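Listed here are the chains, written in short residue letters.
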Amino acid sequence: NGTTHTDSASSHDYTILMMTNAEWDSSQGGQFQLTTKDGDVVEEYEYIPGRVIMLPSKHPHRGLGPIGEYVYRSSVVWRVTPLDTYLRLNYSGRG
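How each quantity is defined
- Residues numbered from 1 in each chain as written.
- Predicted model: local features only at pLDDT ≥ 70, side-chain atom pairs only at ≥ 80, totals over all residues.
- Heavy atoms only, no water.
- Patch = residues over 30% accessible without salt bridge, like charges linked within 9 Å, V, L, I, M, F, W, Y side chains within 5 Å.
- Areas by Shrake-Rupley, 256 points an atom, 1.4 Å probe, with all protein chains shown as cover.
- Salt bridge = Lys/Arg side-chain N within 4 Å of Asp/Glu carboxyl O.
- Helix = DSSP H or I, 4+ residues; strand = E, 2+ residues; numbered from the N terminus.
- Buried < 20%, exposed > 50% of the residue type's maximum accessible area, 1.4 Å probe, protein only.
- Phe/Tyr/Trp six-rings, centres within 6.5 Å; stacked < 30°, edge-to-face > 60°.
- Pairing = 2+ DSSP bridges.
- Axes fitted to C-alpha atoms, helices over the stretch in contact; angles between N-to-C directions.

Colleague: Mind showing me how you'd approach a nonpolar patch on the surface here?
Modeller: Residues M18, V52, V76, W78 and V80 make up a contiguous nonpolar surface patch of roughly 390 Å² in combined accessible area. At three residues, the largest contribution of residues to the nonpolar patch is made by strand β6 (residues 75-80). Relative to the assigned elements, V76 resides in strand β6. Exposure remark for V76: the relative accessible area of 34% places this residue in the partly exposed category.

Put into structure tokens, the structure is as follows:
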């Protein structure tokens, strides 16, 4: 199982997670959890192929490992800053 972590300390960043397995049985586990800083579960999402979850990157979270031997799950994660925020933070006040 993954450890509770954040993807960024910035309140401007977002994490986009996509569950990429082509097939998945919910009995195989692999849930995604939003947690407190101490690791207490606040919300839990079942691993569903194609599911996309977006959350503030500073929010603690973790992914649970699959149950069973030779069972693999994959996800793709992007950390993004909205363009208007990025431009305001990096280019405001430039002539």
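Colleague: How should the pattern of salt bridges be read in this particular structure?
Modeller: Note on pairing: side chains with opposite charge can pair once their charged atoms come close. For the coordinates displayed, the defined rule picks out one salt bridge. Between R79 and D13 there is a salt bridge, with the nearest N and O atoms lying 3.8 Å from each other. Taken as a pair, R79 in strand β6 and D13 in the segment before β1 (14-19) lie far apart in primary sequence, 66 residues in all.

Colleague: It is not clear to me how the packing of aromatic side chains should be interpreted in this structure. Could you clarify?
Modeller: Aromatic rings considered in pairs are described by the distance between their centres and by the relative angle of their planes. Enumeration according to the criterion identifies two aromatic pairs in this entry. Aromatic side chains W24 and Y47 sit 4.9 Å apart centroid to centroid with 45° between the ring planes, which places their arrangement in the tilted category. You can see W24 sitting in the loop between β1 and β2 (32-35) and its partner Y47 sitting in the loop between β3 (41-45) and β4 (52-56), a full 23 residues away along the chain. Residues W24 and Y47 agree in their burial class; the two are buried.

Colleague: I keep staring at the sheet that holds β1 and nothing clicks. Help me out?
Modeller: Strands in a sheet are paired, the pairing made by backbone hydrogen bonds, and the direction either parallel or antiparallel. Pairing is antiparallel across the open sheet formed by three strands, whose spatial order is β4-β1-β6. This sheet does not close on itself; its edge strands, each paired only once, are β4 and β6. Neighbour-to-neighbour, the strand axes of the sheet open up by a mean angle of 15°, direction not taken into account. With six bridges joining them, β1 and β6 adopt antiparallel strand pairing.

Honestly, it's all geometry; don't read function into it.
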